[in-house]
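The chain contents come next:
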Amino acid sequence: MRREIVKDELFLRQKAEPAGESDLWIAQDLKDTLDANHSICAGMAANMIGFARAIIIVAIGDFDLVMINPKIVKKSGPYTAKEGCLSLGGVRSTKRWQKITVRYQDLSLQWHTEDFSSMTAEVIQHECDHLQGILI
């Protein structure tokens, strides 16, 4: 189901709770909402659609990667990025890392550890910030 984008900063500043099996349906709502905004958005966190659970989705080319309970475990190559967000107006500067390693669960709740770089890494970092209640 396509959801409205949450713009309430008080809600967005809340840390997401760990996600479990009973939260997996949120991933489909994230996908539907990302699909509806694909031309202007490269990723989303569950709290952006009203659910304070640790789930993100990232568009990687033609593939959408869902990450449940993602945690950035390694990072290198700091730089300053300028980012926008559907939940917040304008563009803001923030520190990002060129290369990251993320540990996360897939939709079967199996654990993975993967390396990401460039724009994909930046989007993952942005969405992981949302899960921590960090607004840039």
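Our structure's up above, just so we're on the same page.
The structure reproduced in this document is the subject of the present report. (Residues numbered from 1 in each chain as written. Predicted model: local features only at pLDDT ≥ 70, side-chain atom pairs only at ≥ 80, totals over all residues. Heavy atoms only, no water.)

A few points about the sheet that holds strand S4 (residues 88-105)
Here's step 1: Spatial ordering of the open sheet is given by S1-S2-S3-S4-S5, a layout of five strands whose pairing is antiparallel. Bordering the open sheet on either side are strand S1 (43-45) and strand S5 (111-117), each of which pairs with just one other strand. Sheet twist, expressed as the average angle between the axes of neighbouring strands with direction ignored, equals 45°.
Here's step 2: Sheet topology note: the S4/S5 ladder contains seven bridges and is antiparallel. The partner of Thr 101 across the bridge, within S5, is Asp 115.
Here's step 3: Each of S1, strand S2 (55-60) and strand S3 (63-85) touches helix H2 (residues 25-36); the most contacted strand, S2, lies at about 40° to it.
Here's step 4: Packed onto the sheet, helix H3 (residues 118-131) meets S1, S2, S3, S4 and S5 and runs at close to 105° relative to S3. (Pairing = 2+ DSSP bridges. Helix = DSSP H or I, 4+ residues; strand = E, 2+ residues; numbered from the N terminus. Axes fitted to C-alpha atoms, helices over the stretch in contact; angles between N-to-C directions. Contact = heavy atoms within 4.5 Å.)

Points about the environment of Tyr 104
Here's step 1: Secondary-structure assignment places Tyr 104 in strand S4.
Here's step 2: Since its relative accessible area comes to 3%, Tyr 104 is described here as buried.
Here's step 3: Tyr 104 sits 20 residues away from Gly 84 along the chain, and the two C-alpha atoms are 24 Å apart.
Here's step 4: Those residues within four positions of Tyr 104 in sequence are excluded, and the remaining contacts are Leu 65, Val 66, Met 67, Ile 68, Asn 69, Pro 70, Gln 110, Trp 111, His 112 and Glu 114. (Buried < 20%, exposed > 50% of the residue type's maximum accessible area, 1.4 Å probe, protein only.)

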